[in-house]
Amino acid sequence: GVVGPLDVKDSRVQAVLESVTSDERDECGLDDSRAIVFVALDPEDQPAAIAGWTRWPHDVAHMGVLTHACQRQRGLARVVSKRAIQAATEAWLVPQWRAAVANDASIGLARSLDLVEVGRQFSIQIAE
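A brief structural summary.

The next subject is the layout of surface pockets. For the largest pocket, the calculated volume is near 780 Å³. Trp97, Arg98, Ala99, Glu117 and Gly119 are, among the 20 residues lining the largest pocket, the residues nearest its centre. Of all elements in the fold, only strand 5 (94-96) and helix 4 (104-112) reach the threshold of two or more residues within the lining of the largest pocket. Broken down by element, the lining of the largest pocket gets its largest block of residues, three residues, from helix 4. For the lining of the largest pocket, a count of residues per class yields eleven nonpolar, four polar and five charged. Its boundaries defined by the atoms lining it, the second largest pocket holds a volume of some 680 Å³. Val65, Thr67, Asn103, Ala105 and Ser106 are, among the 26 residues lining the second largest pocket, the residues nearest its centre. For the lining of the second largest pocket, the elements supplying multiple residues, two or more each, are helix 2 (22-28), strand 4 (60-67), helix 3 (76-90) and helix 4. Among the elements that make up the lining of the second largest pocket, the one with the highest residue count is strand 4 (six residues). Tallied by class, residues from the lining of the second largest pocket come to ten nonpolar, nine polar and seven charged.

Next comes the structure, spelled out in structure tokens:
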């Protein structure tokens, strides 16, 4: 099942965040106190995957998803992402999914959720 929305400080959310590398944690963007987070539970009711969003300007729900390091390849990210997207659209927000070009798993998940690529994002750092 899926529970939520939950606060990022909820122990079930934290269990997933603590199971992954710091790079994965940073990339998902759900370690933000403003995030709306849902948790997919495995058959033993253990936290297996999280998905949610942080509200960005112009009614955008900046989506994030993360699967517990021991629970990958079981379809749980898709289940919880579907619920998070549904909640975002019910809140009249536009879901935005961002994935690194090399992150085939995230791109594949987005496609399986019927999301379409509409552009690319580039970041630059301006020296002081």
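With mixed pairing, five strands are arranged side by side in an open sheet as 1-2-3-4-5. The open sheet has two free edges, formed respectively by strand 1 (2-6) and strand 5, since each of these has just one partner strand. Each adjacent strand pair in this sheet contributes to an overall mean axis angle of 25°, direction not counted. Both strand 2 (residues 36-41) and strand 3 (residues 47-56) contribute to a ladder of six bridges, which runs antiparallel. Residue pairing in the sheet places Ala40 in a bridge with Ala49 of strand 3. Contacts from helix 3 reach strand 1, strand 2, strand 3, strand 4 and strand 5 within the one sheet, and its direction differs from that of strand 3 by about 30°.

Looking now at the nonpolar core. Nonpolar side chains tend to gather and get buried jointly when the protein is soluble and globular. Counting 21 residues, the largest nonpolar core has Trp53, Met63 and Trp97 as its most contacted members. Of all elements in the fold, only strand 2, strand 3, strand 4, helix 3 and helix 4 reach the threshold of two or more residues within this core. At seven residues, the largest contribution of residues to this core is made by helix 3. Ranked by size, the runner-up nonpolar core spans 14 residues in total, among them Val13, Cys28, Val37 and Val39.

What counts, and where the lines are drawn
Just so you know, the residues in each chain are numbered from 1, in the order the chain's sequence is written. Since the coordinates come from a predicted model, pLDDT governs what is reported: local features require at least 70, and pairs of side-chain atoms require 80 or more to be given and counted, while whole-chain, interface and lining totals use all residues. Computation of side-chain values covers all heavy atoms of the structure but excludes hydrogens and water. For cavity detection a 1 Å grid was placed over the protein atoms alone, and a set of points counts as a cavity when a 1.4 Å probe fits there but cannot get out; an open set counts as a pocket when protein lies on both sides within 12 Å along at least five of seven lines, with lining residues being those that have an atom within 4 Å of a point. Grid points are joined across faces, edges and corners, and a volume is the space filled by probe spheres set on the points. Secondary structure elements follow DSSP: runs of H or I no shorter than four residues count as helices, runs of E no shorter than two count as strands, and numbering proceeds from the N terminus. Classification convention: Asp, Glu, Lys, Arg as charged; Ala, Val, Leu, Ile, Met, Phe, Trp, Tyr, Cys, Pro as nonpolar; all other residues, Gly among them, as polar. If DSSP finds at least two bridges between two strands, the strands pair. Angles shown run from 0 to 180 degrees and are taken between the N-to-C directions of axes, each axis being a line fitted to C-alpha atoms and, for helices, limited to the stretch in contact. The criterion used for residue contact is that any of the two residues' heavy atoms lie within 4.5 Å. The criterion is simple. A nonpolar core is a set of buried Ala, Val, Leu, Ile, Met, Phe, Trp, Tyr and Cys residues joined through side-chain atoms within 4.5 Å. Only protein chains enter the accessibility calculation, which uses a 1.4 Å probe. A residue is then buried if its area is under 20% of the maximum for its type, exposed if over 50%, and partly exposed in between.

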